[in-house]
Amino acid sequence: MSLVINTTTPEGIVLAADSRQTYRNLKGMARIGSDNALKLFQINSRIGVGITGLAFLEEDGVLKNLSKFIEEFKREPNVEDMDVEDVAIELHRIFDKKYQWKEQLDLAVENIKNDLQMKGCELLNIEKNPYNISFSFKNPQGGLEEGLAGVDMIEFLVAGYNKKGSHQVYGCYVPGEIQKRRDSEDKNNEYGSSWIGQGDVVSRIVLGFDGRIANIQFAKEAMLIQGEPNIFEELKNLEYAIQWGTMTLQDGIDFCTLMIQTTSAMQRFSDGINADPGDMPGVGGPIDVGVITPDNGFVWINKKKLKFGGNEVEIN
């Protein structure tokens, strides 16, 4: 799954990503395929992209790394003139077209029906939503349960500066929508941090809670009484008060790399959470870091190189 994190400061923008690549084998088991995958890309002189989630897409009957499609996009003639939103929209269009997720969602409906039948459950209701499937069923003991299913998601952050000098950050989801995360022209939304992928550790540290708190019974009951928006508004009181607007670029680098290192270390010692054990240790390997500033554009602070013996080569 990996972890990509962005921190936007007055001095510039930081993008950082780990290098672990996981996959599911023919038995459906999640395995670590590599600790040398590229998750961070320079798109043009002003914009970078970090990507997590699904690592491969099928093209002409062959599985290909998502990095291939990003590299092809980078070579298009008009990319250098694109602004941040343009890159977000175009990459979202490319992956939405190449990832045949709608067909997979149709197959998931039948798989859910067959799986529940094999387990002796009675399907009560199943509904196909725009990006997932919700269903309810009665288990063999007569208890009522609800479920939510979907396909593996492609997530990416697009961050950088527009030709006119303003900066923006977009979070993109396939299947899903494009969300504006940061904009220098939006008051009180100029600076801050965003993350995608396995962000539960970062959320616990910065926000004070894990998003899976919504699955805990007491939280469900509280949300029924007070409403979900009110509960999450209350939980905001747990967030660390970080003065993003005073953070230097070096502090932004330190923050991003610390969050990835901490996530990797925590995954080493844990096996998911008690409510959902067996989570995949999807964050690991070297950390790639790029910074983007108004004057110097995109600059690599750390980038993996090809190695053999004592030799190291950077090919791009």
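For the structure itself, look to the data block above.
Residues numbered from 1 in each chain as written. Predicted model: local features only at pLDDT ≥ 70, side-chain atom pairs only at ≥ 80, totals over all residues. Heavy atoms only, no water.

A.B. asks: Run through unusual backbone geometry, naming residues and quoting values.
C.D. replies: Cis geometry marks the peptide bond from valine 174 to proline 175, where omega comes out at 0 degrees. With respect to the helices, strands and loops of the structure, proline 175 is situated in the loop between strand E13 (167–174) and strand E14 (178–183). We note that aspartate 60 has phi near 55 degrees; this positive angle belongs to a residue other than glycine. Topologically, aspartate 60 is positioned in the loop between strand E7 (56–59) and strand E8 (62–65). Unusually for a residue other than glycine, asparagine 188 sits at a positive phi of about 70 degrees. The topology assignment puts asparagine 188 in the loop between E14 and strand E15 (192–197). (Helix = DSSP H or I, 4+ residues; strand = E, 2+ residues; numbered from the N terminus.)

A.B. asks: Provide a residue-level description of the nonpolar core, including the pertinent values.
C.D. replies: Counting 37 residues, the largest nonpolar core has Ile43, Val87, Phe95, Ile154, Phe156 and Val158 as the members making the most contacts within it. Contributions of two or more residues to this core are made by strand E6 (47–53), helix H1 (66–74), helix H2 (84–98), helix H3 (101–118), strand E10 (133–138), strand E12 (154–161) and E13. Contacts of phenylalanine 95, omitting those with residues within four sequence positions, involve Ile51, Leu57, Leu66, Phe69, Ile70, Ile154, Phe156 and Val174. Counting residues in each nonpolar core, the second largest holds 19 residues, with Ile5, Val206, Met259 and Val289 among its members. (Core = buried A, V, L, I, M, F, W, Y, C linked by side-chain atoms within 4.5 Å. Buried < 20%, exposed > 50% of the residue type's maximum accessible area, 1.4 Å probe, protein only. Contact = heavy atoms within 4.5 Å.)

A.B. asks: Just give me the short version of a nonpolar patch on the surface, but keep the residues and values in it.
C.D. replies: Together, Leu306, Val313 and Ile315 line one region of the surface with nonpolar side chains, adding up to about 310 Å² of accessible area. Here leucine 306 is to be found in strand E20 (residues 306–308). (Patch = residues over 30% accessible without salt bridge, like charges linked within 9 Å, V, L, I, M, F, W, Y side chains within 5 Å. Areas by Shrake-Rupley, 256 points an atom, 1.4 Å probe, with all protein chains shown as cover. Salt bridge = Lys/Arg side-chain N within 4 Å of Asp/Glu carboxyl O.)

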